[in-house]
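Spelled out from the first residue to the last, the chains are:
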Amino acid sequence: MNTSPTDVAPESAAPGADCTVCAHAADLLPAGRCQPGDACIVAHSGRQIDRFLRRNRDQAERHLDDAFWERRAIAATYAPVEAVAPLRRDPDEVVRRVVASRLRGDALLDMLKDPDREVRVTVAARLPEAQLALLMHDPDYSVRVEVARRLPHGKLMAMGHDPDREVRKAVARRLPPFALGLMLADEDAEVRRIVAERALPELAERLLADPDWRVRFEAAGKAPPPALDALFDDPEPPVRELARSRCPHAPERSIEDAT
C-alpha cells in the first residue's frame, strides 16, 4: 500500500535528476521555475515534485497519466478539477484519495463503493448532506462515523443502533437532547455516559441507577436535585460528593466519607 504524496524517503536518498534529458531544461530551468535537487518533476521525491508543481501549476495536467503513482497523486492536487475527475478509477488508492478530496457533489457518487476505506471516508466528508444516507451502511465503521458526524438530525436516529460503539458515540454526541432516550439502554457505558452528559434533566434521572459510576456521575450533574437522594450513599466518592453538592437538604458527610 502506498503512503500519502510527499511522504517518501529523505531527499538525500532520492536519485538525482538528469537535466540533459528533461523537457524543461530549455525553458523552466533558465527561468528559475525548477531546480535540480529542490523542485524537480522527474525526481523520485514527492517533496521535489510538489515544489515543482506548486511553482508550475500549469504543468500539472500533463502528468496525470504518469507511470509513477506519486507523480500522478501530486499532479491531481494541482490540476484543474475537471481534468482530475477521470482518475476516480486510478489503480492507486492514494491517487483516488486525492481525487476524492478535490471533487464535489454528484461527481463523488462513482466513488461510493471504492475498495479503499480512506477514499470512502473522504467521500463521506464531502458528499452533500442529502446524499450521505447512501453511506449509512458502509461495511467500514470509520466511514459510518464520518457519516454520523454530518448526517442531518432527522436521519441520525437511524444510526442509533449501529453495531459499532464509535458510530453510536458519534450519534450520541449529535442527537438533539430530547431524542437521546433512544440510547438510554445502550450496551456500551461510554455511549451512555455521553447520553447522560447531554441529556435533559428528566432523561438524566433515568440513568441515576446505571451500573457504571461514570454514567451515574454525569447523570448526577444533570438530574433534578430532588431525585439525587439515592446517590448520597453511592459506593463511588465522586458520585456521592456531586449529588450532595447539588442538594441543600443532603445529610452531612459521615466520618467514612471524610476519610
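Here's a quick rundown of the structure.

The rules behind these values
- Residues numbered from 1 in each chain as written.
- Predicted model: local features only at pLDDT ≥ 70, side-chain atom pairs only at ≥ 80, totals over all residues.
- Heavy atoms only, no water.
- Salt bridge = Lys/Arg side-chain N within 4 Å of Asp/Glu carboxyl O.
- Helix = DSSP H or I, 4+ residues; strand = E, 2+ residues; numbered from the N terminus.
- Buried < 20%, exposed > 50% of the residue type's maximum accessible area, 1.4 Å probe, protein only.
- 1 Å grid on protein atoms, 1.4 Å probe; cavity = no way out; pocket = protein on both sides within 12 Å on 5 of 7 lines; lining within 4 Å.
- Points joined across faces, edges and corners; volume = space filled by probe spheres on them.
- Nonpolar A, V, L, I, M, F, W, Y, C, P; charged D, E, K, R; others polar.
- Polar contact = N/O pair within 3.5 Å; in protein donor to acceptor, adjacent residues only side chain to side chain.
- Contact = heavy atoms within 4.5 Å.

Here we look at the pattern of salt bridges
This model, assessed by the stated rule, comprises 27 salt bridges. Residue Asp58 pairs with Arg33 through a salt bridge whose shortest N-O separation is 3.1 Å. With Asp58 in the loop between helix 1 (46-55) and helix 2 (69-78) and Arg33 in the segment before helix 1, this residue pair connects regions lying 25 residues apart in the sequence. Judged by relative accessible area, which is 56%, Asp58 ranks as exposed. Between Arg55 and Asp38 there is a salt bridge; the shortest N-O distance is 2.9 Å. Taken together, the residues span a long stretch of sequence, with Arg55 in helix 1 and Asp38 in the segment before helix 1 at a distance of 17 residues. Assessed through its relative accessible area of 26%, Asp38 is described here as partly exposed. Among the ionic contacts, a cluster of salt bridges with common partners joins Glu190, Arg193, Glu197, Asp212, Arg214 and Glu218.

Here we look at empty space enclosed by the protein
Tallied over the entire structure, the rule returns 1 cavity of 30 Å³ or more. When its volume is computed, the largest cavity comes out at roughly 80 Å³. Along the walls of the largest cavity sit Cys19, Cys22, His24, Ala25, Leu29, Cys34, Gln35, Pro36, Ala39, Cys40, Ile41 and Phe52, which together make up its complete lining. Of the residues belonging to the lining of the largest cavity, the class tally is 10 nonpolar, 2 polar and no charged.

Things to note about the side chain of Gln131
Take Gln131: it is sitting in the loop between helix 5 (117-126) and helix 6 (141-150). Separated by 2.8 Å, the side chains of Gln131 and Asp106 make a polar contact. For Gln131, the contacting residues outside a window of four places in its chain are Gly105, Asp106 and Leu109.

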